[in-house]
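Here is how the chains run, residue by residue.
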Amino acid sequence: MKKLSILGSTGSIGRNAVEIVRRYPGKFKASGLAVMSNVELLESQIRALTPEAVAVFDEPSADDLRKKRLPVEILSGMEGVIEVAQLGGVDMVVSAIAGSAGLLPTFAAVKAGKDIALANKEVLVMAGEIIISEAAKKNVRIIPVDSEHSALFQCLHGREMNEVRRLILTASGGAFLAKSKAELEDVTPAEALKHPNWDMGQKVTVDSATLMNKGLEVIEAYWLFRMPAEKIGVVIHPQSIVHSMVEFIDGSIMAQMSLPDMKGAIGYAMSYPERLGGIMKFLDFGSLCELSFMEPDRDKYMSLSLAYEAIRAGGTMPAVLNASNEAAVEAFLRGKISFTGIPRAVSDTMSLHKVGKCGSIDEVIKASEWAREKAIELMN
Ligand code: MG
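Residues numbered from 1 in each chain as written. Predicted model: local features only at pLDDT ≥ 70, side-chain atom pairs only at ≥ 80, totals over all residues. Heavy atoms only, no water.

Undergrad: Pulling in residues and values, what's your account of the sheet that holds strand E8 (residues 164–171)?
TA: Taken in spatial order, the four strands of this open sheet run E9-E8-E10-E11, and their pairing is mixed. Two strands bound the open sheet, and with one partner strand each, they are strand E9 (232–236) and strand E11 (253–257). For this sheet, the mean angle separating the axes of adjacent strands, direction not counted, is 20°. For E8 and strand E10 (residues 242–248), the ladder comprises five bridges, and the chain directions are antiparallel. Within E10, the position partnered with Leu167 by the bridge is Val246. (Pairing = 2+ DSSP bridges. Helix = DSSP H or I, 4+ residues; strand = E, 2+ residues; numbered from the N terminus. Axes fitted to C-alpha atoms, helices over the stretch in contact; angles between N-to-C directions.)

Undergrad: How would you sum up unusual backbone geometry? Please name residues and give values.
TA: Following Tyr272, the chain continues to Pro273 via a peptide bond in cis, the omega torsion being 5°. Take Pro273: it is sitting in the loop between helix H11 (262–271) and helix H12 (302–313). With a phi angle near 40°, Thr50 is a residue other than glycine that sits in the positive phi range. Checked against the element boundaries, Thr50 lands in the loop between helix H2 (39–49) and strand E3 (53–56). Among the residues examined, Thr50 registers a relative accessible area of 52% and is labelled exposed. A positive phi angle, near 50°, is found at Arg69, a position not held by glycine. (Buried < 20%, exposed > 50% of the residue type's maximum accessible area, 1.4 Å probe, protein only.)

Undergrad: Would you mind going over the coordination of the magnesium ion in detail, with residue names and values included?
TA: Protein coordination at the magnesium ion: the donors are Asp146 (OD), Glu148 (OE) and Glu217 (OE), at 2.0 to 2.1 Å from the metal. Donor residues for the magnesium ion, ordered by position in the chain, follow D-x1-E-x68-E. With a gap of 69 residues between them, Glu148 in helix H7 (residues 147–155) and Glu217 in helix H10 (residues 212–224) connect regions that are remote in the sequence. An identical accessibility class is assigned to Glu148 and Glu217; each is buried. (Donors = N, O, S within 2.8 Å, 3.2 Å for Na, K, Ca; no water.)

Undergrad: So what about the nonpolar core? Which residues, and what values?
TA: Membership of the largest hydrophobic core comes to 111 residues, with the highest contact counts inside it found for Ile6, Leu65, Ile131, Ile142, Leu167, Met270 and Leu321. Of the residues forming this core, the biggest block, nine residues, is contributed by helix H6 (residues 121–137). Excluding anything up to four places from it in sequence, Leu65 contacts Val39, Leu42, Glu43, Ile46, Val54, Val56, Leu70 and Ile74. If you look at the next biggest cluster of nonpolar residues, it comprises 14 residues, including Phe176, Val187, Ile342 and Ala345. (Core = buried A, V, L, I, M, F, W, Y, C linked by side-chain atoms within 4.5 Å. Contact = heavy atoms within 4.5 Å.)

Undergrad: Lay out the pairing of strand E1 (residues 2–7) with the relevant residues and their values.
TA: Note that E1 and strand E2 (residues 28–35) share six bridges and pair parallel. Along E2, the bridge assignment pairs Lys2 with Phe28. With four bridges connecting them, E1 and strand E5 (residues 92–95) associate as parallel partners. Along E5, the bridge assignment pairs Ile6 with Val94.

Undergrad: Break down the sheet that holds E2 for me, with residues and values.
TA: In spatial order, the strands read E4-E3-E2-E1-E5-E6-E7; together these seven strands make up an open sheet with parallel pairing. If you trace the sheet from one side to the other, it starts and ends with strand E4 (73–76) and strand E7 (142–144), each paired once. Each strand axis lies, on average, 25° off the axis of its neighbour in the sheet, ignoring direction. One ladder, built from four bridges, connects E2 with E3; its direction is parallel. Note on E3: the bridge partner recorded for Gly32 is Ala53. Relative to the sheet, helix H1 (residues 12–23) contacts E1, E2 and E5, its axis offset from that of E1 by approximately 155°. Each of E1, E5 and strand E6 (115–118) is contacted by helix H5 (residues 103–111), which is oriented at about 150° to E6, the strand it contacts most.

Undergrad: Break down a negative patch on the surface for me, citing the residues and quoting the values.
TA: Together, Glu59, Glu73, Glu79 and Glu83 make up a negatively charged patch on the protein surface. With respect to the secondary-structure elements, Glu59 resides in helix H3 (residues 59–66). (Patch = residues over 30% accessible without salt bridge, like charges linked within 9 Å, V, L, I, M, F, W, Y side chains within 5 Å. Areas by Shrake-Rupley, 256 points an atom, 1.4 Å probe, with all protein chains shown as cover. Salt bridge = Lys/Arg side-chain N within 4 Å of Asp/Glu carboxyl O. Lys, Arg positive; Asp, Glu negative; His and termini not counted. Charge placed at Lys NZ, Arg CZ, Asp CG, Glu CD.)

Here you go:
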């Protein structure tokens, strides 16, 4: 029986993780749950899963939940979330709190020696060097939940990295694949939130449309697989059936395929190295018309180049890319800036940043805060 703490249990990844725990009660036990503020859903998860401890980041929401007098310890604030991340007896932490808020609890879990099922790519984008070296020190396994990285992880299973020529991340191209660069000027938030294949949170859906999501994933792959940036490629694959590929030195390419259902990658990370039976619908080749691939248009998708630039600059630059993008996506969703203003805000913020070294989580957070404020200032 694997004991889990699920951070972000009411988000789209977290809900899927909870569903898997409920479907395989003999394999998993959810010992800890942590959420930002959705205490209604958390309450029903507590009743279904009977965890030992839960944490609610938002204090007033935690107080609301305490009034229900549920038979569980209710912690609150960032400290509470960290306590759930480090809960005694827990084998694996599912890191699914969206965005930079997931950094501290995930780092805490690594320090406590918990294996990580990592859905939160920002953790590695912001602090890859720190997280990966701490994980090595503590003998912690970081197993990707991001579908592309799960695909790479599966294709690399049992292989040596010196046999790998290239990692190829696939990208759906998001909501605006068919639009020209000029047409992107006046797309609306509602249009950007219509992802063709995946059902995900708002931030990552907008990031898919700008291709910043792929940029962040290049950085994530750089740290997870210790692969130089020039050996990580991106290819547009609108059907989202091939989740990513590994090209080996002999010219062979291994691809991992399935229907686009997040439960596949989540279940694999949770049960690795075993596979869970019946977790997804099976691929029906009869109804599959075609699989197509094309090079991304770098001119249209400026975010991709920004991500490679951030890797090249190193140090605090990836954290700056991430934080300025978070601020810009929020501004876009509130109607304050245009869609094409998102990469512009990121690029402007990056060009004003003096790269510092990334020695501690504090330095990462300071650089992120600087970037957030600078981006907001530039957008006003
Ligand atoms: Mg992904």
